[in-house]
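# Architecture and fold: a report
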Amino acid sequence: MFKLAKYLKPFIWMLVLSFALLFVQAMSNLYLPNYMSDIVNVGIQQNGIEDSVPDAISQNGYALMTTFMTSDQKAQTETSYSLVGKNNLSSSDLDAYAKKYPQIESEDIYVLKSMDASKRTNLNTIFGETAWTMINFMKQQAEAQGQSVETASLTDFDISQVYSMLPQLQRIPAQAFESARDAAQSTPDILKSQTGAVLVKSFYNDLGMDISQVQTGYMFRIGVYMLLISLVGVIAAVIVGYLAAKTAAGVARDIRRDLFTRVENFSNHEFDKFSTSSLITRTTNDITQVQNILVIGIRMIVFAPIMGIGGVIMALNESVSMVWIIALAVILLLGIMLVAFAIALPKFKKMQKLIDGINRVMRENLGGMMVIRAFSTQKHEEQRFDRVNTELTGTSLSVNRLMVIIFPAMMLIMNVVTLLTVWVGARQIADSALQVGDMMAFMQYAMLIIFAFLMLSMIFIMVPRASVSAQRIAEVLGTPLGITDPGQPKNFTKKRDCVLEFKNVSFRYDGAEEDVLHDISFTANPGETTAFIGSTGSGKTTLVNLIPRFYDVTAGAITIDGVDIRDVTQHDLREQIGFVSQKGILFSGTIASNLRYGNENATQADLEQAAAIAQAAEFINEISEGYEYPIAQEATNVSGGQKQRLSIARALVKNPPIFIFDDSFSALDFKTDAALRRALKNRTERSTVLIVAQRISTIMNAEQIIVLDEGRIAGKGTHKELMGSCETYVEIATSQLSKEELG
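Figured I'd write up the structure that's included with this text. (Residues numbered from 1 in each chain as written. Predicted model: local features only at pLDDT ≥ 70, side-chain atom pairs only at ≥ 80, totals over all residues. Heavy atoms only, no water.)

### Details of the environment of Leu4
By the element assignment, Leu4 lies in the segment before helix 1 (12-45). In this structure, the C-alpha to C-alpha distance between Leu4 and Leu481, residues 477 residues apart in sequence, is 19 Å. If we skip the residues at most four places from it in the chain, Leu4 touches Ile255, Val290, Ala470, Ile473, Ala474 and Leu477. (Helix = DSSP H or I, 4+ residues; strand = E, 2+ residues; numbered from the N terminus. Contact = heavy atoms within 4.5 Å.)

Below is the structure:
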């Protein structure tokens with residue numbers, strides 16, 4: 001995978017923006033459980049009262065609370081509240097206060113001054129501790145009188161009854177509250193906060209406030225916050241999805257382009273390493289696998305860790321004592337993922353190779369359908385396809401069985417975590433060590449952490465296959481080219497009248513034990529035809545394939561006008577050559593587009609002239625569409641002879657100084673062959689022409705005939721000369737033509 005990382009470089013800004021938005025999305029998801037906890041703890045349980053500090057309090061309530069405070073606490077409280085009423089408020093301000101605190105119309109009340117968060121936190125601690133000092137003192141007094149009092153009953157009382165005791169409480173010495181205060185200081189903060197909120201509710205009722213309005217206002221405010229946070233998260237997710245898709249598509253496009261360009265520059269030696277079906281799979285299926293992992297990976301590789309780590313941190317804030325549940329779940333999840341990765345990787349490697357096999361069999365069947373039908377071997381081919389298909393199916397099922405086990409196992413872990421959280425959390429709630437909202441938030445954070453691992457598991461499931469695909473792509477991209485351009489290329493000086501010369505050329509295929517061509521030397525002059533003939537496997541096609549550098553010579557040199565073909569660029573070299581291969585290859589398009597393949601600027605007159613020379617004009621003119629007749633894929637809608645004639649016409653339209661015809665007349669009848677060669681002679685009178693042929697009649701009039709036998713030159717000369725000097729040539733000639741025909 002890392003070998004293809006360079007393709008991400010043009011999309012760095014998209015990745016950075018995506019990661020930033022993923023952080024925003026993750027944080028929005030992580031903050032939502034906190035707000036949900038606040039709705040339960042504060043909005044429902046505490047009626048929307050956020051802490052133990054009342055925003056306003058009656059004079060009796062103020063006196064009651066300060067009675068149980070230390071002198072320092074009283075001083076801080078006095079500086080935090082101001083007494084307001086009819087005497088020091090304007091009528092408009094008084095009306096505003098009266099709407100919120102109706103009791104102000106009958107008595108002055110204490111109103112909390114504006115303060116920063118740290119001061120309010122400190123004041124919250126004071127009021128919470130004071131509330132429990134009062135509760136503990138009352139409990140001690142009740143126990144001293146032999147009464148058994150539950151703490152819960154002391155937090156659920158009528159505040160007016162306590163006000164009636166205020167004169168007696170104020171006469172009690174401050175030292176009498178010390179033991180109650182010591183007990184209050186050891187009370188859990190959760191209980192202090194909850195009890196303080198109950199007292200604040202009583203104080204608000206005393207002022208005539210609408211508690212339901214306070215509760216509704218709080219829940220509406222928190223709900224709006226949650227809605228806005230969710231909206232931000234959704235917007236971030238949509239943008240990240242778009243950026244991830246665009247990045248992945250761009251990377252796939254660039255890899256596909258480079259892969260295609262690389263394959264285009266392969267010599268025949270590199271093509272021998274990779275089958276056609278494998279190259280097709282690597283260019284399509286493998287790149288799609290990489291694209292898919294990028295789309296999901298960009299969104300999850302960053303998002304999942306933030307969710308996981310952030311969830312752990314948030315869960316710690318809710319309850320440290322239950323973190324072991326998450327730790328246990330994480331260990332189990334990691335174990336499952338590692339085992340799955342170890343099992344899946346080799347299977348995915350096998351799957352990609354099997355897909356190559358499927359493509360190979362399909363390609364062979366589609367290309368050789370006529371042969372298959374002619375030999376009635378459809379059943380054999382069906383069985384052959386069924387074997388590779390069954391093997392691929394079996395491997396896919398094996399991988400899918402692994403996936404089927406993974407997700408239920410993770411869901412089981414998630415459900416167990418939920419049960420453990422409820423069980424442990426309920427015990428802590430009973431012990432007043434945890435609030436219900438905090439337990440619910442912890443449960444949500446546990447789910448977020450597990451879902452983060454689920455997302456990572458999805459990535460790890462896809463990564464092995466994508467990793468295999470990336471390695472296969474990198475293997476092609478990293479294959480060194482056997483034929484490369486020189487660092488300082490030379491140029492050809494002539495556009496016509498090129499002299500082609502082989503100087504002691506030998507050639508051996510990679511891995512072969514001996515040469516297939518041995519010490520080949522000859523000169524092909526412009527205006528002349530040099531023909532090659534020999535038995536099957538004598539090296540004729542191999543020899544002409546050396547000229548356009550489909551392979552490079554093992555020893556010796558090939559020159560054009562004295563310039564070694566290895567000293568010029570492949571483009572310049574091939575611009576000098578019009579090559580017609582053994583198998584006439586046409587591309588999907590039209591006849592005109594195929595003929596213009598070597599010269600896109602060719603005029604209609606050029607096409608017609610080339611078609612006439614190649615003896616293709618007659619059948620083209622018989623078609624209603626003419627030169628715009630569509631050529632199907634692999635030219636299945638034209639005959640073999642028509643295909644060869646159009647291939648020859650294509651080379652003629654290019655009009656290069658060197659023509660190579662590699663057994664390009666084999667599909668033509670004798671009459672068409674003779675007519676074509678006569679027309680070709682006139683057109684190529686200044687060109688160097690090389691012809692590989694099996695038929696003596698095709699090359700009898702060539703100025704130079706080279707006879708090959710087992711990779712060596714067995715004879716060289718004209719037809720007449722060879723008939724008198726070359727036994728191999730005589731054997732081939734007499735096997736095809738009578739003595740009268742041979743002259």
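### Some points on the pairing of strand 13 (residues 688-692)
Across the five residues that make up strand 13, a large majority, five, are buried. Here strand 6 (residues 529-534) pairs with strand 13 via four bridges, running parallel. Bridge pairing in strand 13 places Ala531 opposite Ile691. Note that strand 12 (residues 658-662) and strand 13 share five bridges and pair parallel. (Buried < 20%, exposed > 50% of the residue type's maximum accessible area, 1.4 Å probe, protein only. Pairing = 2+ DSSP bridges.)

### What about the sheet that holds strand 1 (residues 56-58)?
Strand order in the open sheet formed by three strands is 1-3-2, with antiparallel pairing between adjacent strands. The open sheet terminates on both sides in strands that have one partner only, identified here as strand 1 and strand 2 (81-84). Strand-to-strand twist in this sheet, taken as the mean axis angle between neighbours without regard to direction, amounts to 30°. The pairing of strand 1 with strand 3 (residues 109-112) spans three bridges and is classified as antiparallel. Opposite Ala56, over in strand 3, you have Val111 as the bridge partner. Against the sheet, helix 3 (residues 71-80) makes contact with strand 2 and strand 3, and its axis sits at roughly 55° relative to strand 2, the strand it touches most. (Axes fitted to C-alpha atoms, helices over the stretch in contact; angles between N-to-C directions.)

### Quick notes on a nonpolar patch on the surface
Together, Phe220, Val224, Tyr225 and Leu228 line one region of the surface with nonpolar side chains, adding up to about 390 Å² of accessible area. On the secondary structure map, Tyr225 appears in helix 11 (residues 211-264). (Patch = residues over 30% accessible without salt bridge, like charges linked within 9 Å, V, L, I, M, F, W, Y side chains within 5 Å. Areas by Shrake-Rupley, 256 points an atom, 1.4 Å probe, with all protein chains shown as cover. Salt bridge = Lys/Arg side-chain N within 4 Å of Asp/Glu carboxyl O.)

### Thoughts on the pattern of salt bridges
Following the criterion strictly, the structure yields 18 salt bridges and no others. One salt-bridge network, held together by shared partners, links Arg253, Asp254, Arg257 and Asp258.

### Some words on the sheet that holds strand 7 (residues 555-560)
Here four strands make up an open sheet; going across it, the order is 5-4-7-8 and the pairing antiparallel. Of all strands in the sheet, those bounded by a partner on one side alone are strand 5 (517-524) and strand 8 (563-564). Judged from the five bridges that link them, strand 4 (residues 500-507) and strand 7 form a sheet pairing that is antiparallel. Of the residues in strand 7, the one forming a bridge with Glu501 is Thr559.

### A look at unusual backbone geometry
With a phi angle near 65°, Arg549 is a residue other than glycine that sits in the positive phi range. Mapped onto the fold, Arg549 is located in the loop between helix 19 (540-546) and strand 7. Of the residues examined, Arg549 reaches a relative accessible area of 3% and is grouped as buried. Backbone geometry places Asp663, a non-glycine residue, at a positive phi of 55°. Relative to the assigned elements, Asp663 resides in the loop between strand 12 and helix 25 (670-683).

### Focus on helix 13 (residues 276-300)
Compared with the 36 Å implied by 1.5 Å per residue over 25 residues, the 35 Å span of helix 13 between its first and last C-alpha is a close match. The sharpest bend along helix 13 measures roughly 40° and falls at Arg282. (Expected span 1.5 Å × (residues − 1). Bend = angle between axes of the 7 residues up to and from the residue.)

### Focus on a negative patch on the surface
Among the surface-exposed residues, Glu513, Glu514, Asp709, Glu710, Glu727 and Glu731 lie close enough to one another that they form a single negatively charged patch. Within the secondary structure layout, Asp709 lies in strand 14 (residues 704-709). (Lys, Arg positive; Asp, Glu negative; His and termini not counted. Charge placed at Lys NZ, Arg CZ, Asp CG, Glu CD.)

### Some details on the nonpolar core
Among the nonpolar cores identified, the biggest contains 91 residues, and Leu4, Ile255, Val417 and Ile473 are the most heavily contacted of them. Broken down by secondary-structure element, the contributors of at least two residues to this core are helix 1, helix 11, helix 13, helix 14 (303-318), helix 15 (323-367), helix 17 (378-430) and helix 18 (436-477). In terms of residue count, helix 18 provides more of this core than any other element does, 23 residues in total. In terms of nonpolar packing, the next biggest core, distinct from the first, is built from 49 residues, Leu595, Ile620, Val707 and Tyr729 among them. (Core = buried A, V, L, I, M, F, W, Y, C linked by side-chain atoms within 4.5 Å.)

Interpretation in functional terms is not warranted from these geometric data alone.
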